[in-house]
Amino acid sequence: MGFKCGIVGLPNVGKSTLFNAITASEQAAAANYPFCTIDKNTGTVVVPDPRIDELVKLVNPARVVPATIQFDDIAGLVEGASRNEGLGNKFLAHIRESDAIAHVVRCFDGGDIIHVTGSVDPERDVRIIQTELALKDLATVESRLEKAEKLARGGDKEEKIRVELLDQLRAVLNEARPAREVKVPPQYEPMVAELMLLTRKPVLYVCNVGESDLPDGNKHSQTVQRIAADEGAECVIISVKIEQEISRLSAAERREFLDGLGLKESGLDRLIRAGYRLLGLRTYFTAGPKEVRAWTIRAGDTAPVAAGKIHSDFEKGFIRAETISYADYIACGGEQGAKDKGRLRTEGKEYVVQDGDVMHFLFKN
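Residues numbered from 1 in each chain as written. Predicted model: local features only at pLDDT ≥ 70, side-chain atom pairs only at ≥ 80, totals over all residues. Heavy atoms only, no water.

## Let's talk about the pairing of strand β9 (residues 291–298)
Applicable threshold: Between buried and exposed lies partly exposed: a residue is buried under 20% and exposed over 50% of the maximum accessible area for its type, with that area taken using a 1.4 Å probe on protein chains only. Here a helix means four or more residues in a row that DSSP labels H or I, a strand means two or more in a row labelled E, and each is numbered from the N terminus. Pairing between strands is defined by DSSP: at least two bridges between them are needed.
Burial analysis of β9 places 7 of its 8 residues in the buried class, the great majority of the element. In this sheet, β9 lies alongside strand β3 (residues 63–65) in parallel orientation, the contact comprising 3 bridges. Residue pairing across strands places R63 opposite E291, the latter belonging to β9. Pairing geometry for strand β8 (residues 281–287) and β9, over 7 bridges, is antiparallel. By the bridge assignment for β9, L281 is matched with R298. Between β8 and β9, which follow one another and run antiparallel, lie 3 residues.

Structural data, given as structure tokens:
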């Protein structure tokens with residue numbers, strides 16, 4: 001699994017249609033009215049990576065397992081969601097389970113789609129969602145703060161530190177600003193992480209534009225891009241309608257369709273790459289006659305941590321990792337060729353795994 005991404009936004013901005021398109025399914029009943037998604041819809045998509053195709057050509061394995069991403073389509077939020085307006089409270093809980101948030105924003109005028117507020121205003125729409133998430137987090141923080149203050153008055157030193165952190169979070173959230181803005185010392189990060197705050201999650205803005213506004217967007221998407229830049233967030237311009245059409249095509253038809261639009265890749269591909277950048281994700285591979293598989297790790301992860309993605313015993317009993325860079329693996333015609341040319345390296349516990357490494361782990365039981 002690459003990561004879990006919750007798709008959020010106001011009703012009727014294209015969330016469910018996007019979900020249907022990127023998962024090539026009809027799980028979410030896209031319709032022209034609010035709250036057409038009444039249960040969380042979950043879909044898993046393959047991370048496009050041409051490197052795994054090249055590995056398969058060399059290894060010819062019995063099985064291929066690419067990296068995947070889980071998308072959760074969450075019902076549209078409205079102003080007052082934090083106070084249970086609409087279907088808010090139930091679905092805000094779903095966002096807590098996500099690694100990142102894909103915030104879909106309507107960036108097209110006209111059409112038959114009803115805008116829940118009656119007009120297209122991306123900046124207002126973004127602020128509505130941000131405010132609702134912040135208010136929900138504020139309730140979480142204040143609830144925990146009440147308990148922490150009681151314990152701190154009893155002399156609990158750890159709770160005194162917790163009170164200081166919660167006070168900082170409350171001050172930011174009171175201004176409808178995200179909890180991400182609070183700089184938490186690494187040693188105290190677990191105290192904040194346990195709160196599972198919505199506004200601590202990284203955000204990827206998805207600008208839903210009309211076909212004629214691809215690939216560069218329009219004045220509405222420029223507004224969202226400015227907001228994303230100010231927040232240090234990622235931003236992707238997509239036409240949900242086009243993605244829906246692409247999802248129905250074969251691979252060859254898809255390439256021809258994209259070429260006709262002057263696009264090098266689909267919106268889904270750009271969305272996934274942006275998500276990987278946002279979360280600092282990397283991919284390493286295992287390759288053999290039984291299986292070629294892509295594994296997702298975070299930038300900076302060491303060899304034992306990477307081994308633990310396969311099985312916890314691999315991390316606990318890690319001895320060493322036989323490693324070949326992807327470029328060397330391909331250039332040498334596979335593992336044996338890399339060995340013959342001295343391109344296979346033995347790496348220890350301190351080795352930081354590089355994107356594309358092809359690895360074999362040795363461990364003790």
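## Considering unusual backbone geometry
Here the residue pair L214 and P215 is connected by a cis peptide bond, since its omega of 0 degrees sits within 30 degrees of zero. Located in the positive-phi region is N12, a residue other than glycine, with phi close to 65 degrees. Checked against the element boundaries, N12 lands in the loop between β1 (4–8) and α1 (15–22). The exposure class assigned to N12 is buried, which follows from its relative accessible area of 11%. The residue M196 is not glycine, and still its phi comes out positive at about 55 degrees. Here M196 lies in the loop between α6 (189–193) and β6 (203–208).

## Here's the deal with the packing of helix α4 (residues 122–153) against helix α7 (residues 219–231)
What counts, and what does not: Axis angles are defined between N-to-C directions and span 0 to 180 degrees, where every axis is a line fitted to C-alpha atoms and, for a helix, only to the segment in contact. Here the angle decides the label: under 35 degrees means roughly parallel, over 145 means roughly antiparallel, 65 to 115 means roughly perpendicular, and every other value means oblique. Should any heavy atoms of two residues lie within 4.5 Å, those residues are counted as being in contact. Under the convention adopted here, Pro, Cys and the residues Ala, Val, Leu, Ile, Met, Phe, Trp and Tyr are nonpolar, Asp, Glu, Lys and Arg are charged, and Gly plus all remaining residues are polar.
Remark: α4 packs on α7, axes separated minimally by 9 Å, with the N-to-C direction vectors making an angle of 45 degrees. If you check the angle between α4 and α7, you find them oblique. Along the contact surface, α4 presents P122, E123, V126, R127 and Q130, while α7 presents H220, T223, V224, R226, I227 and E231. The residue makeup of the contact of α4 with α7, split by class, is 4 nonpolar, 3 polar and 4 charged.

## Notes on the pairing of strand β5 (residues 100–106)
Within β5, 7 of the 7 residues are buried, leaving the element largely enclosed by the surrounding structure. Side chains of β5 alternate between two faces, with A100, A102, V104 and R106 and I101, H103 and V105 buried alike. Here β1 runs beside β5; their pairing, made up of 4 bridges, is parallel. What sits directly across from I7, in β5, is A102. Direction of pairing for β5 relative to β6: parallel, over a ladder of 6 bridges. Within β6, the position partnered with H103 by the bridge is Y205.

## Let's talk about the sheet that holds strand β7 (residues 234–238)
Strand order in the open sheet formed by 6 strands is β2-β4-β1-β5-β6-β7, and the pairing between neighbours is mixed. The open sheet is flanked by β2 (41–46) and β7, the only strands paired with a single partner. On average, each strand axis in the sheet is inclined to that of its neighbour by 25 degrees, with strand direction left out of account. Across the sheet, α4 lies against β5 and β6, angled at about 145 degrees from β5, the strand it touches most. Contacts from helix α10 (residues 267–279) reach β2, β4 (68–73), β5, β6 and β7, with the element oriented near 175 degrees to β7.

## As for the confidence of the model for the protein
What counts is decided by this rule: As a per-residue measure, pLDDT tells how confident the predictor is, with possible values from 0 to 100.
Looking at the protein as a whole, its pLDDT mean stands at 89, while 89% of the residues score no less than 70. Ignoring residues within four places in sequence, the model shows residues 26–38, a span with pLDDT below 50, making 39 contacts including any to other chains.

## Here we look at empty space enclosed by the protein
We count it as follows: The method works on a 1 Å grid over the protein atoms by themselves. A cavity is a set of points holding a 1.4 Å probe that cannot get out, a pocket is an open set with protein on both sides within 12 Å along at least five of seven lines, and residues with an atom within 4 Å of a point line them. Grid points are joined across faces, edges and corners, and a volume is the space filled by probe spheres set on the points.
All told, the structure shown has 4 cavities of 30 Å³ or more when counted by the stated rule. In this structure, the largest cavity encloses a volume near 120 Å³. If you go around the largest cavity, you meet 14 residues; those closest to its centre are Q130, L133, R180, T199 and V203. Those elements that provide at least two residues to the lining of the largest cavity are β5, α4 and β6. Looking at the lining of the largest cavity, its residues break down into 9 nonpolar, 3 polar and 2 charged. As for the second largest cavity, its lining consists of F3, C5, F71, A100, L204, L271, I272, G275 and L278. The greatest single-element share of the lining of the second largest cavity, amounting to 4 residues, is contributed by α10. Counted by class, the lining of the second largest cavity contains 8 nonpolar, 1 polar and no charged residues.

## Notes on the side chain of D49
Mapping D49 onto the fold places it in the loop between β2 and α2 (50–59). The exposure class assigned to D49 is buried, which follows from its relative accessible area of 16%. D49 has contacts with T283 and F285, leaving out every residue within four places of it along the chain.

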